[in-house]
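Tertiary structure, described
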Amino acid sequence: MNRQFIVYLSNKQKHLMTDELIQGHVSYLGELKRQGKLPFCGPCKDGTAIMILKADSLEEAEALLARDPFTKANYYQDRRIVEVEEATLENNFLLDDVLVNQRNRS
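Here's what I pulled together on the structure shown here.

How each quantity is defined
- Residues numbered from 1 in each chain as written.
- Predicted model: local features only at pLDDT ≥ 70, side-chain atom pairs only at ≥ 80, totals over all residues.
- Heavy atoms only, no water.
- Helix = DSSP H or I, 4+ residues; strand = E, 2+ residues; numbered from the N terminus.
- Contact = heavy atoms within 4.5 Å.
- Expected span 1.5 Å × (residues − 1).
- Buried < 20%, exposed > 50% of the residue type's maximum accessible area, 1.4 Å probe, protein only.
- Arc of directions from axis to C-beta.
- Pairing = 2+ DSSP bridges.
- Phe/Tyr/Trp six-rings, centres within 6.5 Å; stacked < 30°, edge-to-face > 60°.

1. Some remarks on the side chain of threonine 71
Tracing the backbone through its elements, the reader meets threonine 71 in helix H3 (residues 69-73). Setting aside residues no more than four positions away along its own chain, threonine 71 makes contact with Leu65, Ala66 and Arg79.

Here it is in structure tokens:
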């Protein structure tokens, strides 16, 4: 079962950027996309970036991130991975889970 993880990337080290590094990073992102492991990624207007990874475990998500040339070069010094549970129309935006948790707190 694939779970989803948001990867927060920050503290960019611009001086590390080279043509080879960006080409390797983009190539790796393409590979992840073809494997169905990267539904979304992109830079943010504040200089940070995010990725959404599909993986079976946190360890797999960490391994996918570790193989990215940006990670190997420490281009983004700060990397944080958080598992996310998607709220959708089909699961009623997780309302049932919220209500159960509210009742259990009472």
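2. Examining helix H1 (residues 19-34)
The end-to-end C-alpha separation of H1 is 23 Å, in line with the 22 Å expected for 16 residues at 1.5 Å each. Three or more residues of H1 are buried, namely Leu21, His25, Tyr28, Leu29 and Leu32. Here the buried residues of H1 occupy an arc of 100 degrees about the axis, which is enough to place them on one side. Residues of H1 that are exposed and point more than 90 degrees away from the buried face comprise Asp19, Glu20, Gln23 and Arg34. Against strand E2 (40-43), strand E3 (49-55), helix H2 (58-66) and H3 lie the buried residues of H1. Just beyond H1, the residue with positive phi is glycine 36, at close to 75 degrees.

3. Some points on the pairing of E2
Where E2 and E3 come together, four bridges link them in antiparallel fashion. Paired with glycine 42 across the strands is isoleucine 50, a residue of E3. Joining the antiparallel neighbours E2 and E3 is a turn of five residues, in which glycine 47 adopts a positive phi near 95 degrees.

4. Examining the packing of aromatic side chains
Two aromatic rings, taken as a pair, are described by how far apart their centres are and by the angle between their planes. Using the criterion set out here, one finds three aromatic pairs in the structure. Taken together, a centroid distance of 4.5 Å and an interplanar angle of 40 degrees make the contact between phenylalanine 70 and tyrosine 75 tilted. Residues phenylalanine 70 and tyrosine 75 agree in their burial class; the two are buried. Aromatic pair tyrosine 75 and tyrosine 76: ring centres 5.1 Å apart, planes at 80 degrees, arrangement edge-to-face. Each of the two residues, tyrosine 75 as well as tyrosine 76, counts as buried.

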